[in-house]
Amino acid sequence: MGRGKRVIGIILLVCTLCFLWGCKETPGQPKPAENPYYEFQGVRVGDDFSDAQAVFGAYESRIREDAVLTTYMYSHFMVVTATQQNKEIITLIVLRSNAFATEEGVAIGDTRETVIEKQGEDFIDDTIQGQMIYVKKDTVLTFLVDEDGVVLSITYSQIAEE
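What you see is a predicted model; the values in this text were computed from it and never measured.

Novice: Would you explain helix H3 (residues 112-119) in this entry?
Specialist: Every α-helical turn comprises 3.6 residues, leaving residues that sit three or four positions apart pointing alike. Every buried residue belonging to H3 is among Thr114, Val115 and Gln119, and all of these are buried. Mapping the buried residues of H3 onto a view down its axis gives an arc of 105°, with all of them on the same face. In this structure, H3 carries Glu113 and Glu117 as exposed residues pointing more than 90 degrees from its buried face. A positive phi of about 110° marks glycine 120, the residue just after H3.

What follows is the structure, encoded as structure tokens:
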């Protein structure tokens, strides 16, 4: 299956799961406001890096991959940007320690069961690669889990447009 078809399949699966979950709710019951995107410290992939620097502060090092990609290393996470229309757009955020957690409270070192308890059961389970993949709109939150069920890394990314 091609990459584009796989992305569309993932999106359709997530939409179906969201629809089925919505059918379980009681009509007229107010829903709590939920962020429609996955964010890290109020920043999401797709944001301008210059705006995010006010939140993230000074980076420890910068690695210029090529004319387009740059990686900014912070003590507990890294940010990858791509130059698009003369702006540095965040394409990836990777948590590298348990100093930070997702908005729902999952951190590196937590168990697979904790991820499901806090993030929910609506995820794509890629057990071959040890990934638990959550999707909201065009943002993706991926947990890399080892064979013992422990979270090794947390990555924020975007569904690529083709």
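Okay, back to it.
Novice: Looking at this structure, I do not really get the pairing of strand S4 (residues 87-95). What am I missing?
Specialist: Regular strands have side chains that alternate between both faces of the sheet. Here strand S3 (residues 77-84) runs beside S4; their pairing, made up of eight bridges, is antiparallel. Among the inter-strand pairings, threonine 83 is bridged to a residue of S4, identified as glutamate 88. Here S3 hands over to S4 after two residues, with glutamine 85 in that stretch at a positive phi of 50°. Of the strand pairs in this sheet, S4 and strand S8 (residues 151-158) are connected by four bridges, and their pairing is antiparallel. The residue of S8 that forms the bridge with leucine 95 is isoleucine 154.

Novice: How should I be thinking about the packing of aromatic side chains in this particular structure?
Specialist: Two measures describe an aromatic ring pair: the distance that separates the ring centres and the angle between the ring planes. If you walk through the whole model with that rule in mind, you get 13 aromatic pairs. Here the aromatic rings of tyrosine 59 and tyrosine 72 are separated by 4.7 Å at their centres, their planes lie at 65°, and the arrangement is edge-to-face. Placement of the pair is tyrosine 59 in the loop between helix H2 (49-56) and strand S1 (61-64) and tyrosine 72 in strand S2 (residues 69-73), with a sequence separation of 13 residues. Owing to a relative accessible area of 33%, tyrosine 59 belongs among the partly exposed residues under this scheme. On the numbers, 4.6 Å between centres and 15° between planes, the contact of tyrosine 74 with phenylalanine 77 is stacked. In this structure an aromatic cluster arises from ring pairing among Phe40, Phe49, Phe56, Tyr59, Tyr72, Tyr74, Phe77, Phe100 and Tyr156. When the ring centre of tyrosine 37 is taken as origin, the NZ or CZ atom of arginine 44, which lies over that ring, is 3.6 Å away.

Criteria and thresholds
Residues numbered from 1 in each chain as written. Predicted model: local features only at pLDDT ≥ 70, side-chain atom pairs only at ≥ 80, totals over all residues. Heavy atoms only, no water. Buried < 20%, exposed > 50% of the residue type's maximum accessible area, 1.4 Å probe, protein only. Helix = DSSP H or I, 4+ residues; strand = E, 2+ residues; numbered from the N terminus. Arc of directions from axis to C-beta. Pairing = 2+ DSSP bridges. Phe/Tyr/Trp six-rings, centres within 6.5 Å; stacked < 30°, edge-to-face > 60°. Lys NZ or Arg CZ within 6 Å of the ring centre and 35° of its normal.

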